[in-house]
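Structure at a glance
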Amino acid sequence: MSQNIYDEPGFFEGYSGLPRSKFGLEGAPEWPAIKEILPDLGGKDVVDLGCGFGWFARWARTAGAASVLGLDLSENMIARAKTDTDDAAIDYRIANLETLELPAKRFDFAYSSLAFHYVADFSRLAGEIAGSLRAGGQFVFSIEHPVFMAPASPGWIDVEGTRVWPLNHYLREGRRETDWLADGVVKYHRTIGTTLNVLIAHGFAIDHVLEWHPSPRQIEEMPVLEEEMDRPMILIVKATLS
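Residues numbered from 1 in each chain as written. Predicted model: local features only at pLDDT ≥ 70, side-chain atom pairs only at ≥ 80, totals over all residues. Heavy atoms only, no water.

1. What about unusual backbone geometry?
- For leucine 114, which is not glycine, the phi torsion reads 50° and is therefore positive.
- If you trace the backbone, leucine 114 turns up in the loop between β4 (107–113) and α6 (122–132).
- We note that histidine 169 has phi near 65°; this positive angle belongs to a residue other than glycine.
- Position of histidine 169 among the secondary structure elements: in the loop between β7 (162–164) and β8 (174–178).
- We classify histidine 169 as partly exposed; its relative accessible area is 36%. (Helix = DSSP H or I, 4+ residues; strand = E, 2+ residues; numbered from the N terminus. Buried < 20%, exposed > 50% of the residue type's maximum accessible area, 1.4 Å probe, protein only.)

This is the structure we're talking about:
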């Protein structure tokens with residue numbers, strides 16, 4: 001059974017206080033890089049997998065999308081998304097990405113932000129997404145970078161005065177438990193090769209892969225982002241159904 005950590009009160013309270021929760025897409029430092037690779041959404045039907053508070057769903061409509069289906073396991077997330085949205089062309093539903101069944105050839109574009117690392121069986125989900133896209137449909141998603149997720153105990157360590165990110169267990173894929181906003185948050189580590197090869201196996205052509213890092217201007221405006229230059233935190237992928 002999937003862990004529904006976002007509906008645990010303590011975790012949800014902590015998550016709600018993050019910049020990306022309070023300020024939406026503009027509060028997510030990786031958003032400018034994602035926005036740059038998004039296709040034209042004019043007239044397209046979109047599915048947002050792990051839609052959270054609905055920030056991207058609403059943005060997609062302002063970008064011309066004909067409809068958006070937002071899916072999330074969290075009742076808290078979906079309730080907030082519905083409260084903050086006044087648009088009949090956006091439909092929010094509670095759904096488990098582990099067992100999700102999508103309608104065939106229903107969408108032109110699929111999107112997901114920082115959700116798939118909570119999914120144990122990414123291959124099954126990728127197959128569902130592929131089946132739900134029309135010919136030439138595109139797919140953009142971000143996940144925690146495998147380098148960020150791999151360590152048994154993620155976190156900076158000091159090695160003779162140098163700040164180092166440990167990289168043990170990188171090739172040991174599978175379940176990880178971390179303490180982030182709450183104890184025992186379950187995630188699933190996969191290598192970059194596994195992630196890309198799953199997409200290829202389900203008929204996707206890889207268009208763009210970005211190991212995200214902040215721009216000099218972002219670092220100047222928010223110096224804490226400097227540490228993101230020392231190890232990748234987010235992986236962004238764009239693919240097209242071939």
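Having seen it, we continue.
2. Digging into the nonpolar core
- Formed by 31 residues in total, the largest nonpolar core has its most connected members in Leu49, Phe116, Ile129 and Phe204.
- Those elements that place two or more of their residues in this core are β1 (45–49), β2 (67–72), β4, α6, β5 (133–144), α8 (192–201) and β11 (234–241).
- Per-element tally for this core: the top contributor is α6, with 5 residues.
- Phenylalanine 116 has contacts with Leu49, Leu97, Phe122, Leu125, Ile129, Phe139, Phe141, Ile143 and Arg190, leaving out every residue within four places of it along the chain.
- Ala28, Ala33, Cys51 and Val68 belong to the second-largest nonpolar core, a separate cluster that totals 26 residues. (Core = buried A, V, L, I, M, F, W, Y, C linked by side-chain atoms within 4.5 Å. Contact = heavy atoms within 4.5 Å.)

3. Brief notes about the packing of aromatic side chains
- One pass over the full model with this rule turns up 14 aromatic pairs.
- Ring plane angle 75° and centroid distance 6.3 Å describe the contact between tryptophan 31 and phenylalanine 56, whose orientation is recorded as edge-to-face. With a gap of 25 residues between them, tryptophan 31 in helix α3 (residues 31–37) and phenylalanine 56 in helix α4 (residues 55–62) connect regions that are remote in the sequence. Taken as a pair, tryptophan 31 and phenylalanine 56 share a single burial class, namely buried.
- Seen from their ring centres, phenylalanine 56 and phenylalanine 109 are 6.5 Å apart, and the 45° between their planes marks the pair as tilted. One end of the pair, phenylalanine 56, is in helix α4; the other, phenylalanine 109, is in strand β4, and 53 residues separate them in sequence. The burial state of phenylalanine 56 is the same as that of phenylalanine 109; both residues are buried.
- A cation sits over an aromatic face here: arginine 80 above phenylalanine 53, 4.1 Å from the ring centre. (Phe/Tyr/Trp six-rings, centres within 6.5 Å; stacked < 30°, edge-to-face > 60°. Lys NZ or Arg CZ within 6 Å of the ring centre and 35° of its normal.)

4. Topic: empty space enclosed by the protein
- The full count for this structure, using the stated rule, is 1 cavity of 30 Å³ or more.
- Here the largest cavity defines a volume of roughly 70 Å³.
- Looking at the lining of the largest cavity, the elements that each hand over two or more residues are β5, α7 (146–149) and β9 (185–189).
- The residue inventory of the lining of the largest cavity, partitioned by class, reads 6 nonpolar, 3 polar and 2 charged. (1 Å grid on protein atoms, 1.4 Å probe; cavity = no way out; pocket = protein on both sides within 12 Å on 5 of 7 lines; lining within 4 Å. Points joined across faces, edges and corners; volume = space filled by probe spheres on them. Nonpolar A, V, L, I, M, F, W, Y, C, P; charged D, E, K, R; others polar.)

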